[in-house]
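# Fold and geometry: a report
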Amino acid sequence: MRTALARIRGVLKRTAIPAALTGALVLSGGGPAGAIPQDAAGNVTGNAERGRPMFESYKCYACHGYEGETGSPRLVPMTLTQEAFIAYVRSPRTLGMPNYSSVPVQTLADIYAYIESITPDAPPAESIPLLNSVLEELEED
Amino acid sequence: MSESPQDNKKRNVPRRDFFKSAAAGAAAIAATGPAETAEAASPAPARPAVLPPTVAQAQAELGGSGAQVGAGPGRGFASDFMVDVLRSLDIDYAAINPGSSFEGIHESMINHGGNTRPEIITCLHEEAAATMCHGYAKASGKPMMAMFHGTVGLLHAGMGIFQCWADRVPAIYLVAHNRNPTSVVNRPHSAQDMGALVRDFVKWDDEPTTLERFAASAVRGYRIAMTPPRGPVLLVVDSGLQDMRVEDPSSLRIPELSMASPPQGDTNAVREAARMLVDAERPLIRLGKLAWTSEGWDRMIELAEALQAPVDVGGYGGWADFPSRHPLYGSGGPDYAPDVILGLELNDMTGDVRRARANGGRTIGVCAEYLFQGSNIHDFGNYAELDLTIAADGEATLPSLIEEVRRLTTPERRRELEERGAGIGRAHAAARTAAVREGRFGWNKSPVSVPRMVAELREQVRNDDWAMVSGYQFTGPWQRRFLNFDRRHRYNGDSGGFGIGYDSPASVGAALANKGTGRLSIGIVGDGDLNFSPGVLWTAAHHRIPLLLVVHNNRGYHAEVMIVERVAGRRGRGLDQSHIGNVFVDPEISYAKMAEGYGMYSEGPIENPDDLGPAFARALERVRAGEPALVDVVSQPR
Ligand SMILES: Cc1ncc(C[n+]2csc(CCOP(=O)(O)OP(=O)(O)O)c2C)c(N)n1
Ligand SMILES: [Mg+2]
C-alpha cells in the first residue's frame, strides 16, 4: 500500500518521462515496423513493467484511477483486445478522452500489458458490509 | 497570543503593556473629547522630535470620519438606526471583514444592537463572507448579510457575489465608502459609483443618501432579493451618513416589509403544458433550481407521480429537488428518448431543445428567469428555442400544473401512465443497483477510492438527520448512489457559476443556518476548493459552527490535469507534461495541519482506507457536540 502511494508521489513530481524511458520510446517510435517486437501472429507485444510508468506519465490515472480501477470508465478488468485498445486511444470517440495518436504503438501495447496485469481489487459487493447495506436499503425501497 | 518571551524582550514595551496603555489612552480621549480641545486647554509642552498624532489625524489616516465621540442620552447615531432597520428584516447574521468605511455600523451592531440579530460573523476574506451568505440562504430559506470595506473589500467579495447571483440566491450585501474622502487611505476605498464594480452581477443596487432613504432601500432591497428570480442586492452606504447624530430617533420610521407574491404561470399556458405532458409518450422532467421550501419538494413528487414521468435532476448546477431513491428519479433508462421535455427552473435548456428535436420532440420551460435577465455576464449566449416558454416561478406554478394534469388524465390514460411509470421504475432500480456494485472496484486501494470515502461516511451518518451542504463537484455521483437524499435539506445545491472556492465557505454558511436545528452538516470539498478561502476554517471554529468538512484530497486540480491532457493529445505533443501547473505535491499540503492551525479539530491526512471509518467517527463526535471538524482524505483523483 505504501509503495503504491510513494510511487504516485513520484509520478506527480516528475516533470517528464524519465530519460531512460524516452530512449526506449525513440527506438520503438516511428521506426520501421521490424523494430517493434511482435508475437507469432504479428501483434505487437507489450511489456507490463515498461507500461506502468507510461500509464502514469500519460495521465491515464487522472480519469481511470492510479491503478485503472477507480474513476470512469474503469479499465480493470480490461475488456478490449489490444488491437481495439490501441485503435481507440489513437482515435477516441468521446470528447473526454485525449487523443494518443502521437504515442508510439509499442508504448500503447506496453500500457495495455500493464492494465491487463492488474489484478482487480474488487471483492463482491455483498461481501463488503458498507456496500451490502446500501444494496439492502435499495431492496427495501 | 502565543508570543515567546524572547519576542517581548526585543521590544522596549512588552506587547501586553502596550495594549494596556493604548486602552488607557483611548479612555482618556473618550473622556476629554477631541484632542485638539485638550491641546488648546493645556500649556504647550516641550516639543518632542516626533509628535504623536492628534485624534483627528489618526482617524483621518485610518480612514475614519473624525466624528466626535459619545452620544448624549436620548440621542443616537444614524448607524444605530441602520442596525434597527436590519433587525426589522429579521437578519440573523452579518459576515464581515472589518473596514473603517463601515466602522459606524460595525460599532452600532456591537454597542447598540448587542451583537445579536444581526450577530457579527468574523471572516478572514470577503469572498468567504459573500459565499457564506450564499450557502446560508439556500439552507435557511432567508438571506443573511455581509458588509464590505469600500472598493478593496467589495472587489475581494466579487467572486462570491457573482456565484450567488448566478445561482439566483438572495443575499443582502452592504458596502461602505466615504462620499467625501479626506485621506490618502480612504480615497482609494471610495468611488464615484461604488455599485458599478459589481453591478453586472447583483439584481439591484442603490446608494441611499439620507437615513429615511436607507430604511426604504433596505426594505425594498430585501423584497427585490426575495422575489423570483431571487438574487443578491447591494446597498452602498456613506460613512459620513453612518456617523450622523440623530437628535430624535422617534422621528425616524422603518417602512413595513411587503413581500411580493411569486409569479405563477398564465392559466392558458399552464393548461397547454399539461396537455402536452399528459399526451406525451415519453415525457421527461428536468430540474434546475426549483424548491425553496419543503412544500415545493413535495409538490414536485406529486407532479412526477401524476405524470409517471422520470425526473432528471442533472449533475452539476441544479439543486436536485427530487428524492434520489424515488422510482422515477433518473432519466428513464438507456432507451428512453423523450418526446416532451419539461424544464422547471432550468435556465439553460439549449441542450434539451437539441435533444428533443432530434427525436421530433418538443420542449417546455417554466422559469422565473424569463422575467428578469442581467445584461452582461448572466447566462451569456443562452437562447433556447422552446416550444412553450412560461415566464413564471416553477415552484409557484406547480400547484396549478398538477391540477391541470390531473384534470386531463382520464382513468384509462391513468392506467397507461402507471404502466409506463412501473417500467421506468424497474429500469431505474436495475441501474441503481448496478451503480452501487461499481463501488467495490479498488475498495482497498490507497489512496482511498472516492466510493470508499463516501461509503465510509454514509455508514457513520446514516442515522443522523444529515445535510450535504457542499456542491455536487467531483464526488457527487457517488454521494447520489450511496446516500438517500430523501428531503429538501439533504442537498444544498451548487456554486451557480462553476467557480471553485465556493464549497468550503458555502458549507460553513449553510452549517451556520443549520446550527441548532438538529441537522448534521457535511461538506465534501476539493483540496483545490479549500485553498481559495482556508481562513473560513477559523470562522467555523471561532463561531462554533458544527460542520464535518471532508477534504477530497487528490493533491491538485485534477479536473485541469485531464483538460490539459486533452489539449496536448489534440496537438500531438507533451502528453506526459499535463500535471505542470495542476498538482500540489512539492511540497504536499496537509489540510489536517491547516485546520489545526486555525483551531479546528482535524484528522488525517488519511491514506489507508481502513483508518477512515474510525477517523470519521472521532470527527463526528466533535461535530455532534457542536464544533466543526475536518478529515483530510488522500484520495484517488476521481
Ligand atoms: C475560481 C475558479 N478558478 C479556476 C477554475 C478552473 N477549475 C475547474 S475545476 C478546477 C480544479 C478544482 O480542484 P479541486 O477542488 O481540488 O477538485 P479536483 O478536480 O481536484 O477533484 C479548477 C481549477 C474554476 N472553475 N474556478
Ligand atoms: Mg483536487
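Calculation criteria
Residues numbered from 1 in each chain as written. Chains lettered and ligands numbered in written order. Predicted model: local features only at pLDDT ≥ 70, side-chain atom pairs only at ≥ 80, totals over all residues. Heavy atoms only, no water. Helix = DSSP H or I, 4+ residues; strand = E, 2+ residues; numbered from the N terminus. Buried < 20%, exposed > 50% of the residue type's maximum accessible area, 1.4 Å probe, protein only. Polar contact = N/O pair within 3.5 Å; in protein donor to acceptor, adjacent residues only side chain to side chain. Contact = heavy atoms within 4.5 Å. Axes fitted to C-alpha atoms, helices over the stretch in contact; angles between N-to-C directions. Parallel < 35°, antiparallel > 145°, perpendicular 65-115°, else oblique. Left-handed = near helix turned anticlockwise from the far one by under 90°. Nonpolar A, V, L, I, M, F, W, Y, C, P; charged D, E, K, R; others polar. pLDDT = per-residue confidence, 0-100. Near = heavy atom within 4 Å. Areas by Shrake-Rupley, 256 points an atom, 1.4 Å probe, with all protein chains shown as cover. Core = buried A, V, L, I, M, F, W, Y, C linked by side-chain atoms within 4.5 Å. Domains from an automatic or database assignment. Pairing = 2+ DSSP bridges.

## Topic: the side chain of Lys 445 of chain B
Within the secondary structure layout, Lys 445 of chain B lies in the loop between α15 (411–437) and α16 (450–461). For Lys 445 of chain B, a relative accessible area of 14% gives the class buried. Side chain to side chain, Lys 445 of chain B and Glu 69 of chain A meet in a polar contact 2.4 Å long. With residues up to four places along the chain from it excluded, the contact list for Lys 445 of chain B reads Glu 67, Glu 69 and Asp 121 of chain A together with Pro 609 and Gln 636 of chain B.

## Re the packing of helix α5 (residues 78–88) of chain B against helix α9 (residues 211–226) of chain B
All names here are of chain B. Orientation of α5 relative to α9, taken along the N-to-C sense of each, is 20 degrees, at an axis distance of 10 Å. What the angle tells us is that α5 and α9 run roughly parallel. Crossing handedness for the pair α5 and α9: right-handed. Judged by residue contacts, Ala 78, Phe 81, Met 82 and Val 85 of α5 engage Leu 211, Phe 214, Ala 215 and Ala 218 from α9. Grouping the constituent residues of the contact of α5 with α9 by class yields eight nonpolar, no polar and no charged.

## A few points about the confidence of the model for chain A
This prediction gives chain A a mean pLDDT of 82; 72% of its residues lie at or above 70. Predicted confidence is poor over residues 22–34 of chain A, with pLDDT under 50, and the contacts of this stretch with residues over four places away or in other chains come to twelve contacts.

## Describing the site of ligand 1
Residue and element names in this part refer to chain B. With respect to spatial proximity, 18 residues lie near ligand 1, and among them Asp 527, Gly 528, Gly 556, His 558 and Arg 638 are the closest. Within the side chain of Arg 638, an N or O atom sits 2.8 Å from an oxygen atom of ligand 1. Contact with the protein chains covers 79% of the free accessible surface of ligand 1, which is 580 Å². For the shell around ligand 1, the elements supplying multiple residues, two or more each, are α19 (527–530) and α21 (558–571). Partitioned by chemical class, the residues of the shell around ligand 1 number six nonpolar, eight polar and four charged.

## Focus on the nonpolar core
Residues and elements named next belong to chain B. Ile 285, Met 300, Leu 303, Phe 322, Leu 344 and Leu 548 are the most contacted members of the largest nonpolar core, which has 87 residues in total. For this core, the domains that each give at least three residues are domain 3 (267–437) and domain 4 (440–634). Every residue in contact with Leu 344, bar those within four places of it in the chain, is listed here: Ile 285, Arg 286, Leu 287, Gly 288, Lys 289, Leu 290, Met 300, Leu 303, Val 366 and Leu 398. Residues Tyr 93, Ala 130, Leu 154 and Val 175 belong to the second largest nonpolar core, which totals 57 residues.

## Some remarks on the sheet that holds strand β15 (residues 520–526) of chain B
All names here are of chain B. Strand order in the open sheet made by the five strands is β14-β15-β16-β18-β17, with parallel pairing throughout. In the strand order of this sheet, the two ends are held by β14 (466–468) and β17 (601–606), each with one partner. When strand polarity is set aside, the average angle formed by the axes of neighbouring strands in this sheet is 15 degrees. As judged from the five bridges shared by β15 and strand β16 (residues 547–553), these two strands associate in the parallel manner. Among the inter-strand pairings, Gly 523 is bridged to a residue of β16, identified as Leu 549. Strands in contact with helix α18 (residues 503–514) are β14, β15 and β16; relative to β15, the strand with the most contacts, it is inclined by about 175 degrees. Against the sheet, helix α23 (residues 612–624) engages β15, β16, β17 and β18 (628–634), with an angle of about 165 degrees to β18.

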